[in-house]
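# Results of the structural survey
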Amino acid sequence: MRTLSIIILFFSSSFLFSQQLVNSDLFGLTTETTFIFTNVRDSDFISKVKKISPKILRFPGSNFYHFGGIGYGLDLDEIDEWHRAGFPKRARGLLRNSKQRGHKHDYIEDFIVLAKKINARVIITANIITAKDDETVNILKKLKSNGIEVIGVEMGAELSNQSYNHKVNKDNYIVWSKKCAKKIKEFYPDMKITVVAAPLMNNPLNRHSLWNRALAKETFYDGIIVHNYVKVTTGEDRYGEMITESKEADSKKIAFDIYKKRVLKFFSTGFIEKIQQYNLVFDNKPIWITEWNLQYSKITGNTLFQGLFSVHYFLDLASEPELRKVELTTFHNLAGRDYGGSIFRSFQGVLEEQVTYYPMQMLSNVFEDNSLIITKKVISNECFQYDIMDDNSILKYSFIINWSGNDRKIKFDKTILNSEIDQFCGDDLYSLADNEEDLIHFSSELKYNVNELLLKPYSLTLIKVKH
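First, a word on scope: everything that follows refers to the structure included in this document. What you see is a predicted model, and the numbers here were worked out from it, not measured in a lab.

Reading the values: the criteria
- Residues numbered from 1 in each chain as written.
- Predicted model: local features only at pLDDT ≥ 70, side-chain atom pairs only at ≥ 80, totals over all residues.
- Heavy atoms only, no water.
- Helix = DSSP H or I, 4+ residues; strand = E, 2+ residues; numbered from the N terminus.
- Rg over C-alpha atoms; globule rule 2.2 N^0.38 Å.
- Buried < 20%, exposed > 50% of the residue type's maximum accessible area, 1.4 Å probe, protein only.
- Contact = heavy atoms within 4.5 Å.
- Areas by Shrake-Rupley, 256 points an atom, 1.4 Å probe, with all protein chains shown as cover.
- Lys, Arg positive; Asp, Glu negative; His and termini not counted.
- Charge placed at Lys NZ, Arg CZ, Asp CG, Glu CD.
- 1 Å grid on protein atoms, 1.4 Å probe; cavity = no way out; pocket = protein on both sides within 12 Å on 5 of 7 lines; lining within 4 Å.
- Points joined across faces, edges and corners; volume = space filled by probe spheres on them.
- Nonpolar A, V, L, I, M, F, W, Y, C, P; charged D, E, K, R; others polar.
- Core = buried A, V, L, I, M, F, W, Y, C linked by side-chain atoms within 4.5 Å.
- Axes fitted to C-alpha atoms, helices over the stretch in contact; angles between N-to-C directions.
- Left-handed = near helix turned anticlockwise from the far one by under 90°.
- Pairing = 2+ DSSP bridges.
- Parallel < 35°, antiparallel > 145°, perpendicular 65-115°, else oblique.

### Some thoughts on the overall build of the protein chain
Along the protein chain, the regular secondary structure elements total 11 helices and 21 strands. The C-alpha radius of gyration computed for the protein chain amounts to 22 Å, which stays within 12% of the reference 23 Å derived for 467 residues, consistent with globular compactness. Principal axes of the C-alpha set define a box for the protein chain whose edges measure 65 × 50 × 50 Å. Expressed as a percentage of its 467 residues, the buried residues of the protein chain come to 57%. Sequence-distant contacts, at least 24 apart, represent 75% of the contacts inside the protein chain between residues at least 6 apart. In the form shown here, the protein chain has an accessible surface area of approximately 20,200 Å², with 47% of it arising from carbon and sulfur atoms. Of the charged side chains in the protein chain, 60 are positive and 58 negative; the average position of the first set lies 3 Å away from that of the second.

The following block contains the structure:
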């Protein structure tokens, strides 16, 4: 990650101001299940992914991939032995879907096609529990021989979770990670190695706390892996997904106002506090957030709320000085069959664009150039402005997120002579991408001599300055 060149904090009665260089590695996507449900040789799909233009892709995203096998090379006996939660059932469903589609190739071939077509760098999740010693190295050789730039390797995914507790503990995790890292370094001494940090716990004797303290003493790795699914509804959750959800209000509007307050609290304090705690435990090691999203929910999935959340998350990562130890992220997920998690959903043979598709497109230009500078202004506790300038301090883009249910007029310090203004908005935070009666709207228009702008309620506005 490039070193931070500028940090300015200024307090006034109207806003908080901060700025720093944009890090393009923050704009990544994980590709778990993508190759089962989408055809990467389909020009329409590739065209849509190019409009998002992620800079990082993650493969495969699970602990049981075997190089050289069919699909993800899943072995059900291994999965049954090692995983004690829902993945054995899910794996059987994924295998059925692969067979129904007649897939007989290793999905790494599709991953290579996708990475090359969109010119993305990649990170790899190593199978450190059931793969042969040379599998991860062979994956790296395969990718590099095809001209793919590999940034680094994750030593597994979520192996501190309770579902692995009967087989994996802090001690054998460290042994297996060291062994895999040593093998990789024999061939690629400069390859970055990241390890699985456990969730943060207040109890110092909790097994997750013990896991993190043991891992923090080691020196064989370059950074830590964190997953971050932000929970805004109440109920039982497991591994990034809401299993049950409680009704919290008599109307959707009131309920989503409650969810909004929770998510804004996360952005104002919770996110920063979480990263600061990891910084403290792991002595400021770089952080990779290789899975993040809203907690998968039947209530908030595929709503305008999720669209605004995803943009806010990316822009805060890029602009907040307190989050600068996060050097790479991959949003979960590019494509699958789930409702509200993936950007693209395969449903009855049709590829659907879900709610995050348009805001991701709007973001893509911000992460094209590492010389850009991003400035954040907190206009109010529900309205945030992010200005993106070139290295000559000339404004190129301005994003404004209005979480409020009211119009809001904002004024600019300088008149913008020529601009294209895109707006992503809806009547309510629960507006859906696929509901004709309560539709999310996307519009684009050219405007001249702009010195003030009326923001729509529940909106993301992008001003693209024409020079």
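Picking up where we left off.
### Regarding the layout of surface pockets
Vacant regions in the atomic arrangement are exposed by a probe of water-molecule size rolled over the atoms. In this model, the second largest pocket occupies a volume close to 1,000 Å³. Considering the residues around the second largest pocket, the lining is formed by 33 residues, among which Pro199, His227, Asn228, Tyr229 and Lys274 are closest to the centre. Where the lining of the second largest pocket is concerned, the elements lending two or more residues are helix H8 (207–216), strand S8 (223–230), strand S9 (237–238) and helix H9 (252–281). Looking at the lining of the second largest pocket residue by residue, the class counts come to 14 nonpolar, 10 polar and 9 charged.

### Let's talk about helix H6 (residues 135–145)
Among all positions in H6, only Glu135, Thr136, Val137, Ile139, Leu140 and Leu143 are buried. Just beyond H6, the residue with positive phi is glycine 147, at close to 80°.

### With respect to the nonpolar core
Membership of the largest hydrophobic core comes to 126 residues, with the highest contact counts inside it found for Leu114, Leu143, Met155, Tyr173, Phe399 and Trp403. Broken down by element, this core gets its largest block of residues, 11 residues, from H9. Those residues in contact with leucine 143 that lie beyond four places of it in its chain are Ile108, Phe111, Ile112, Val122, Ile124, Ile148 and Val150. Core analysis: the next-biggest nonpolar cluster, separate from the first, contains 12 residues, Ile400, Ile421, Leu455 and Val465 among them.

### Things to note about the packing of H6 against helix H7 (residues 170–187)
At a minimum axis separation of 9 Å, H6 and H7 run at an interaxial angle of 35°. As H6 packs across H7, the resulting crossing turns out to be right-handed. Residues Thr136, Val137, Leu140 and Lys141 of H6 touch H7, and the partners they reach there are Cys180, Lys183, Ile184 and Phe187.

### A closer look at the sheet that holds strand S14 (residues 344–347)
A sheet is described by the order of its strands in space; here 3 strands give the open sequence S13-S14-S15, paired in mixed fashion. Only two strands of the sheet have a single partner each, and these edge strands are strand S13 (335–336) and strand S15 (350–353). Where S13 and S14 come together, 2 bridges link them in parallel fashion. Within the sheet, the bridge partner assigned to alanine 335 lies in S14 and is phenylalanine 344. Sitting on the sheet, helix H2 (residues 43–52) is in contact with S14 and S15, with an inclination near 155° to S14.

### Examining the packing of H9 against helix H10 (residues 304–319)
Running from N to C, H9 and H10 point in directions that differ by 10°, and their axes come no closer than 12 Å. With respect to H10, the element H9 is oriented roughly parallel. Contacts between H9 and H10 pair Phe256, Tyr259, Lys260, Val263, Leu264, Phe266, Phe267 and Phe271 from the former with Phe305, Phe309, His312, Tyr313, Asp316 and Leu317 from the latter. Within the contact of H9 with H10, the residues separate by chemical class into 11 nonpolar, 1 polar and 2 charged.

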